[in-house]
Amino acid sequence: MLLTSVAYYRCGKIVQAKIYVPSYCIDVGNRKSRRVRLIYRGLEFDVSASPPNNGRGLKVYIPASILANLIDHKPNKALVEISWEDDYGIIEIISFGWRCRICGELTLEDDELCWSHRVQGGGVCRRCGMPISSGELCRSCCSRIYRAYLAYEL
């Protein structure tokens, strides 16, 4: 298994994504572009892949049907397993991952909190997503709500 990076980019008004696979895991060869079989949650996709500008590794483009489920969370890491079958590259996405919002440690949980911060009770603000040590809102959001309440009263 391998932990790879996920990158997002815009093509017009459409958001697309790709994962980077290092060259030591997959043979790029001299071809300019190649096809790779991508597997995610039991579904198989034939996707295009190409070497990046530096020529090391492979960019594998994530299909829109997978991306539609992920666009709200935008994971920045993917746990993949790479294999070969009949001269065809197979990349299976085991899970998508994030960096913890508080400490930056890798986590596979959707709330973007690592195990230690989930157990300690630390969390993130419900309004803006900033790390907090207790409560549901950070100080900045509390003061904004308080000021808006005072302005409404006057």
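Residues numbered from 1 in each chain as written. Predicted model: local features only at pLDDT ≥ 70, side-chain atom pairs only at ≥ 80, totals over all residues. Heavy atoms only, no water.

This part covers the overall build of the protein chain. Scanning the protein chain for helices and strands turns up three helices and ten strands. Secondary structure elements in the protein chain, listed N-terminal to C-terminal, are β-β-β-β-β-α-β-β-β-α-β-β-α. Counting all 154 residues of the protein chain, 35% fall into the buried class. Counting only carbon and sulfur atoms, one obtains 50% of the accessible surface of the protein chain, whose full area is about 10,100 Å². (Helix = DSSP H or I, 4+ residues; strand = E, 2+ residues; numbered from the N terminus. Buried < 20%, exposed > 50% of the residue type's maximum accessible area, 1.4 Å probe, protein only. Areas by Shrake-Rupley, 256 points an atom, 1.4 Å probe, with all protein chains shown as cover.)

Tallying each qualifying case throughout the model produces one salt bridge. Glu44 is the partner of Arg37 in a salt bridge, and the nearest nitrogen-oxygen pair spans 3.6 Å. (Salt bridge = Lys/Arg side-chain N within 4 Å of Asp/Glu carboxyl O.)

Backbone geometry places Arg41, a non-glycine residue, at a positive phi of 55°. Assignment of secondary structure puts Arg41 in the loop between β3 (34–40) and β4 (43–50). Overall, the relative accessible area of 69% leaves Arg41 in the exposed class.

Let's shift gears to the pairing of β3. Burial runs high along β3: six of the seven residues are buried. Pairing of β3 with β4, which is carried by seven bridges, proceeds in the antiparallel orientation. Note on β4: the bridge partner recorded for Val36 is Val47. What sits between β3 and β4 in their antiparallel hairpin is a turn of two residues, with Arg41 showing a positive phi close to 55°. (Pairing = 2+ DSSP bridges.)

A cluster of nonpolar side chains, contributed by Tyr146, Tyr149 and Leu150, occupies part of the molecular surface with about 330 Å² of accessible area. Of note, Leu150 is situated in helix α3 (residues 139–153). We classify Leu150 as partly exposed; its relative accessible area is 37%. (Patch = residues over 30% accessible without salt bridge, like charges linked within 9 Å, V, L, I, M, F, W, Y side chains within 5 Å.)

Note: strand β1 (residues 2–11) against strand β2 (residues 14–21), six bridges, orientation antiparallel. Across the sheet, residue Tyr8 finds its bridge partner in β2, namely Ala17. Pairing between β2 and strand β5 (residues 58–62): five bridges, direction antiparallel. Looking across to β5, one finds that Tyr20 is bridged to Lys59.

In protein structure, a disulfide is the covalent linkage between the sulfur atoms of two cysteines. All told, the structure shown has zero disulfides when counted by the stated rule. The closest cysteine sulfur to the non-disulfide-bonded Cys138 is located on Cys141, 3.6 Å from its own sulfur. You can call Cys138 buried: its relative accessible area is 10%. Take Cys142: it sits in no disulfide, and the sulfur closest to it among the cysteines is that of Cys138, at 6.8 Å. (Disulfide = S-S within 2.5 Å.)

Below, the discussion takes up the side chain of Lys59. Positionally, Lys59 belongs in strand β5. Setting aside its immediate chain neighbours within four residues, Lys59 contacts Lys18, Ile19, Tyr20, Ser48, Ala49, Ser50, Pro51 and Pro52. (Contact = heavy atoms within 4.5 Å.)

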